[in-house]
Amino acid sequence: MIDRAGPATDGGHPVYWLSDELLGQWPNTYEYWLAGLTLLDRLRSRLEDDSR
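Residues numbered from 1 in each chain as written. Predicted model: local features only at pLDDT ≥ 70, side-chain atom pairs only at ≥ 80, totals over all residues. Heavy atoms only, no water.

Caption draft 1: Summary view of the environment of Asp 10. Within the element layout of this structure, Asp 10 appears in the segment before strand S1 (15-18). On the basis of relative accessibility, which here comes to 73%, the residue Asp 10 falls in the exposed class. C-alpha separation for the pair Asp 10 and Asp 49, spaced 39 residues apart in sequence, amounts to 36 Å. (Helix = DSSP H or I, 4+ residues; strand = E, 2+ residues; numbered from the N terminus. Buried < 20%, exposed > 50% of the residue type's maximum accessible area, 1.4 Å probe, protein only.)

Caption draft 2: Molecular detail of the packing of aromatic side chains. Applying the stated criterion across every chain yields a total of two aromatic pairs. Centre to centre, the rings of Trp 26 and Tyr 32 are 5.1 Å apart; their planes meet at 75°, and the pair counts as edge-to-face. Considering the side-chain rings of Tyr 32 and Trp 33, the 5.4 Å spacing of their centres and the 70° angle between planes classify their relative orientation as edge-to-face. With relative accessibility at 32%, the residue Tyr 32 sits in the partly exposed group. Among the residues examined, Trp 33 registers a relative accessible area of 57% and is labelled exposed. Put simply, the rings of Trp 26, Tyr 32 and Trp 33 touch in pairs and so form one group of aromatic residues. (Phe/Tyr/Trp six-rings, centres within 6.5 Å; stacked < 30°, edge-to-face > 60°.)

In structure tokens form, the structure reads like this:
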């Protein structure tokens, strides 16, 4: 969820990941996508290490 009424941080609004509870929050969409890409890169690295 993007909180468009929230404060703008580095040109973006806060992002919240919700399920039955708040699972994560980021200051803006850039940080949200960066966190997702970082997670994917770490998973890729683990898979490469496991296949060796």
